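Chain by chain, the residues run as shown.
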Amino acid sequence: EMADDLSWAKGKVAEEVFQIVQSELKGKRYEEKKTAGWINSILEKTMEKLDLLGAEKALKFSATCSIIQRTGHGIHSGSACYWDKKNDET
C-alpha cells in the first residue's frame, strides 16, 4: 500500500521531460557557448515539473542533463537535486 502512495507515473514523467527538452533544443544547432544555459534551463524546468508531479508525495529526486555534440567532440553536463528542506537532512 505504501509503495502505491510513493509510485510515479513513469510514462508521464518521461513525456513531460521529453517535451521540456524538445522545447529547449528543437531546431537548434550545437553551440558550445550556449550549452550551459540550455542545460540549466532544462534542469530547472524538469525540477519544477517533477516538483509539481510529486507535490503530494514525500519524495526526493535528482536530474542529470548531458548535451553531446554529434561529432563526438563536445560533452557538457549538469545535475540538480530536490528535497524537502523542512523534513529532510542534507
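Residues numbered from 1 in each chain as written. Predicted model: local features only at pLDDT ≥ 70, side-chain atom pairs only at ≥ 80, totals over all residues. Heavy atoms only, no water.

**Thoughts on the overall build of the chain**
- Helix and strand counts for the chain stand at three helices and two strands.
- Moving toward the C terminus, one meets the helices and strands of the chain in the order α-α-α-β-β.
- Per-residue burial over the chain gives 24% buried out of 90 residues.
- Expressed as a percentage of contacts within the chain between residues at least 6 apart in sequence, the contacts between residues at least 24 apart total 48%.
- Counting every atom, the chain has about 7,200 Å² of accessible surface; 50% of that belongs to carbon and sulfur. (Helix = DSSP H or I, 4+ residues; strand = E, 2+ residues; numbered from the N terminus. Buried < 20%, exposed > 50% of the residue type's maximum accessible area, 1.4 Å probe, protein only. Contact = heavy atoms within 4.5 Å. Areas by Shrake-Rupley, 256 points an atom, 1.4 Å probe, with all protein chains shown as cover.)

**Digging into the pattern of salt bridges**
- Within the structure shown, the criterion is met by five salt bridges.
- Between Glu 24 and Lys 28 there is a salt bridge whose closest N-O contact spans 4.0 Å.
- A salt bridge links Lys 45 to Glu 24; the shortest N-O distance between them is 3.3 Å. Within this pair, whereas Lys 45 is found in helix α3 (residues 32-53), its partner Glu 24 is found in helix α2 (residues 10-25), the two being separated by 21 residues in sequence.
- Several salt bridges share partner residues, and in doing so they unite Lys 12, Glu 16 and Lys 49 into one network. (Salt bridge = Lys/Arg side-chain N within 4 Å of Asp/Glu carboxyl O.)

**Digging into the confidence of the model for the chain**
- Across the chain, the average pLDDT comes to 79, with 72% of residues at or above 70.
- Confidence scores differ between elements of the chain, with helix α1 (residues 2-5) showing the lowest mean pLDDT of 48 and α2 the highest of 90. (pLDDT = per-residue confidence, 0-100.)

**Quick notes on the nonpolar core**
- Judged by nonpolar contacts, the single largest core of 14 residues is most densely connected at Ile 39, Leu 43, Met 47, Leu 50, Phe 61, Cys 65 and Ile 67.
- At the level of elements, α2, α3 and β1 (61-68) are the ones that each hand at least two residues to this core.
- Tallying contributions element by element places α3 first for this core, with six residues.
- With residues near it in sequence (within four places) discarded, Cys 65 still touches Ile 39, Ile 42, Leu 43, His 76, Ser 77 and Gly 78. (Core = buried A, V, L, I, M, F, W, Y, C linked by side-chain atoms within 4.5 Å.)

**Focus: α2**
- Relative to the 22 Å expected for 16 residues at 1.5 Å per residue, α2 spans 22 Å between its end C-alpha atoms, a close match to the ideal helical length.
- Every buried residue of α2 is accounted for by Val 13, Glu 16, Ile 20 and Glu 24. The buried residues of α2 occupy an angular sector of 70 degrees when the element is viewed end-on, so they sit on one face.
- As for α2, its buried residues are in contact with α3.
- Just past α2, the residue Gly 27 takes up positive phi, approximately 80 degrees. (Expected span 1.5 Å × (residues − 1). Arc of directions from axis to C-beta.)

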